Amino acid sequence: MEQSVMADKRFKLKPTTVITELSPMQKPFMMVGIIAAIALLIATVAAAGWVQGVLYMIGLALGATLLHARFGFTSAFRRLASVGNVQGLQAHMVMLAVATTLFAIILSTGFSFTGVTPAGYVSPVGVSVIVGSFLFGIGMQLGNGCASGTLYNFGGGASSMIFTLIAFIIGSTIGAYHFSFWMDTPSLPPISLAESTGLGFFGGWFVQIVLFAVIYGITVKIAKRKNPPAMKPLPTTSGWKKVFRGSWPLFAAAIILAILNALTLTVRGQPWGITSGFALWGGKTLQAIGVDVSSWGYFTGPAGEALSQSVLADSTSVMNFGIILGAFIAAAAQGTFKPKKIKPGVAGAAIVGGLLMGYGSRLAFGCNIGAYFGGIASFSLHGWVWGVMALLGTGLALFIRPLFGMNNPKKSDQFC
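Throughout this description, residue numbers start from 1 for each chain and increase along the sequence as written. In keeping with the model being predicted, local features are shown solely for residues with a pLDDT of at least 70 and side-chain atom pairs are shown and tallied solely at 80 or more, while totals for entire chains, interfaces and linings include all residues. Heavy atoms from the whole structure form the basis of all side-chain values; hydrogens and water molecules are not counted.

**Q** What's the story with the nonpolar core in this structure? I'm lost.
**A** A general tendency of soluble globular proteins is for nonpolar side chains to be buried together. Side-chain atoms within 4.5 Å link the members of a nonpolar core, which is a set of buried Ala, Val, Leu, Ile, Met, Phe, Trp, Tyr and Cys residues. Categorising residues by exposure relies on relative accessible area from a 1.4 Å probe, with only protein chains included: less than 20% of the type maximum marks a residue as buried, more than 50% marks it as exposed, and the intermediate range marks it as partly exposed. Ranked by internal contacts, the top residues of the largest apolar core, which has 98 residues, are Phe-71, Met-95, Phe-136, Trp-272, Ile-274 and Tyr-372. Throughout, a contact is declared for two residues whenever any of their heavy atoms are within 4.5 Å. Setting aside residues up to four positions removed in sequence, Ile-274 forms contacts with Ala-147, Ser-148, Leu-151, Thr-316, Asn-320, Ile-323, Cys-367 and Ile-369. Core analysis: the second largest hydrophobic core is formed by five residues, Ile-138, Leu-142, Ala-397 and Met-406 among them.

So, in structure tokens, the structure goes:
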């Protein structure tokens, strides 16, 4: 009885932030970041108009939010698979519930700030999604970051992320080259839980909300049974300074990310995405040295049109730039932008992980953002399949990480 009471108490007391003394603000870095952010905003608006500028500013907000909460997809899956810590997955459920609600309203009414009819990410479910998301699950654990994690950690000063990001771009480009092959593998058509089932957006919303509630309930039972170590609380402060200087509670960031994703949908007509920008960067680089990437299957559609335009005309790219700069400014405000030396094993894992994520994201029609977050919020079955397969990939990666000298959370840890 006493042990059960202690387990319940430990489950309930899991704050993700703690008020403490913060590191000094890095004002020179902040000034550089702000100047760079303003300059890129001006360049984006001049090259592609104010809609792109707005999307870039949404990217800045996304980067700051991710950094302030250290909001993780990779760490959430790793903590769950290794020791049963459910805090990250619970935040995902809150984020997805809010996003699903907002997406249902937007998609059912066609609401748009720019006149572009909004459409969710609903993709086929087949061999490519299963293989791609499984590879991505392995890759994000080796690279120590998913697509969003790679960008905001890179902007926040995590040195190894330069290797992950470069390898991510290369892997995504290779995946674009092999795209036609994978599209010929067995697959079901795109399935929307709202539109393909006859349930409508209200019915689809109800089904998904029930699923989120069930998953959340299961996580509560897992936490009570396994009594895992809690996430290490992040340093924060009180008052208005918390917004700019301190860390943010995980659930607060989850809600903000959902709102920003919905805002993206109403501005550009599509949800937030990341990795198509990586494929474009790789494709434009190869094109610059004389490789005819326009003949690749991946670049024969809308992606091909972006090859002939400025990268600032690509909404995914400008949002990616915004995420990096938003995270950099936020890290400088917190005084945490402190790149460190990279161990050879970590560098090797970052390269392998980046390649797997880049390749897997092309096969799976997206990453943790475009497929998992955006896909599920769009009522796409492929988003749910992506989440399951990425979690299975994470389970396998736990056995691979030690080969590169990387540690996994342990039951005996005080924090994970």
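**Q** Help me understand helix H12 (residues 250–268), please; the structure alone is not making it clear to me.
**A** Since the α-helix advances by 3.6 residues per turn, residues separated by three or four positions end up pointing in the same direction. Numbering of helices and strands runs from the N terminus; a helix is a DSSP stretch of H or I covering at least four residues, while a strand is a stretch of E covering at least two. In this scheme, a helix's expected span is set at 1.5 Å multiplied by one less than its residue total. Between its first and last C-alpha, H12 extends 27 Å over 19 residues, near the 27 Å set by a 1.5 Å rise per residue. Looking one or two places after H12, you find Gly-269, whose phi comes out positive at around 85 degrees.

**Q** What should I look at first to understand a nonpolar patch on the surface in this one?
**A** Excluding any residue in a salt bridge, patches collect residues exceeding 30% relative accessible area, merging like charges within 9 Å and nonpolar Val, Leu, Ile, Met, Phe, Trp and Tyr side chains within 5 Å. Accessible areas in this description were obtained via Shrake-Rupley with a 1.4 Å probe; residue shielding takes into account the shown protein chains only. The rule for a salt bridge is simple: a side-chain nitrogen of Lys or Arg has to be within 4 Å of a carboxyl oxygen of Asp or Glu. Taken together, the side chains of Ile-162, Phe-163, Ile-166, Ile-170, Ile-174, Ile-351 and Leu-355 present a nonpolar region at the surface, about 520 Å² in accessible area. For the nonpolar patch, the elements supplying multiple residues, two or more each, are helix H8 (161–177) and helix H16 (344–363). Relative to the helices and strands, Phe-163 is located in helix H8.

**Q** Mind showing me how you'd approach the packing of helix H3 (residues 50–69) against H12 here?
**A** The relative placement of two packed helices comes down to the angle between their axes together with the axis-to-axis distance. Each axis is a line fitted through C-alpha atoms, and for a helix only the stretch in contact is used; angles between axes span 0 to 180 degrees, taken between their N-to-C directions. Two elements in contact, H3 and H12, have axes whose closest approach is 10 Å; the angle formed by their N-to-C orientations is 165 degrees. Classed by the angle they form, the pair H3 and H12 counts as roughly antiparallel. H3 and H12 meet at a crossing whose hand is left-handed. Of the residues in H12, those in contact with Val-51, Val-54, Leu-55, Ile-58, Ala-61, Leu-62, Thr-65, Leu-66 and Ala-69 of H3 are Leu-250, Ala-253, Ile-256, Leu-257, Leu-260, Leu-263, Thr-264, Val-267 and Arg-268. Each residue is assigned to one of three groups, with Ala, Val, Leu, Ile, Met, Phe, Trp, Tyr, Cys and Pro labelled nonpolar, Asp, Glu, Lys and Arg labelled charged, and all others, Gly among them, labelled polar. Residues belonging to the contact of H3 with H12 are distributed by class as follows: 15 nonpolar, two polar and one charged. Angles are sorted into four bins: roughly parallel if under 35 degrees, roughly antiparallel if over 145, roughly perpendicular if 65 to 115, and oblique for all others. For any helix crossing, the convention is left-handed if the near helix is rotated counterclockwise from the far helix by under a right angle, and right-handed if that rotation is clockwise.

**Q** What am I meant to see in the environment of Pro-15 here?
**A** Within the secondary structure, Pro-15 is located in the loop between helix H1 (2–12) and strand S1 (17–19). Between the C-alpha atom of Pro-15 and that of Pro-249, which follows or precedes it by 234 residues, the distance is 7.7 Å. Setting aside chain neighbours within four positions, we find Pro-15 in contact with Met-231 and Pro-233.

**Q** How should the packing of aromatic side chains be read in this particular structure?
**A** Each aromatic ring pair is specified by the distance between its two centres and by the angle formed by the two planes. When two rings of Phe, Tyr or Trp (its six-membered ring) have centres within 6.5 Å they constitute a pair, described as stacked for plane angles under 30 degrees, edge-to-face for angles over 60, and tilted for the intermediate range. Under the defined criterion, the tally for this structure stands at 24 aromatic pairs. Seen from their ring centres, Phe-73 and Tyr-372 are 6.2 Å apart, and the 85 degrees between their planes marks the pair as edge-to-face. Of this pair, Phe-73 sits in the loop between H3 and helix H4 (74–83) while Tyr-372 sits in helix H17 (residues 368–377), placing them 299 residues apart in sequence. On the basis of an interplanar angle of 90 degrees and a centroid distance of 6.5 Å, the ring pair of Phe-179 and Phe-365 is categorised as edge-to-face. In this pair, Phe-179 is assigned in helix H9 (residues 179–183) and Phe-365 in the loop between H16 and H17, connecting sequence segments 186 residues apart. Owing to a relative accessible area of 24%, Phe-365 belongs among the partly exposed residues under this scheme. Members of the aromatic cluster, each reached through a chain of ring pairs, are Phe-71, Phe-73, Phe-77, Phe-136, Phe-168, Phe-278, Trp-281, Phe-321, Tyr-372 and Trp-386.

**Q** How should the side chain of Ser-192 be read in this particular structure?
**A** Inspection of the secondary structure puts Ser-192 in the loop between strand S3 (187–188) and helix H10 (200–226). Overall, the relative accessible area of 3% leaves Ser-192 in the buried class. When neighbours within four sequence positions are excluded, Ser-192 is seen to be in contact with Val-122, Thr-197, Ser-378 and Phe-379.

**Q** I'm lost on H16 in this one. Help?
**A** Over its 20 residues, H16 extends 29 Å from the first C-alpha to the last, a length consistent with the 28 Å expected when each residue adds 1.5 Å. Those residues of H16 not exposed but buried are Ala-347, Ala-349, Ala-350, Gly-353, Gly-354, Met-357, Gly-358, Tyr-359, Gly-360, Ser-361, Arg-362 and Leu-363. On its buried face, H16 sits against helix H6 (127–142), helix H7 (147–155), H8, H9 and helix H13 (275–288). Note on H16: the residue one or two positions beyond its end, Phe-365, has a positive phi of about 60 degrees.

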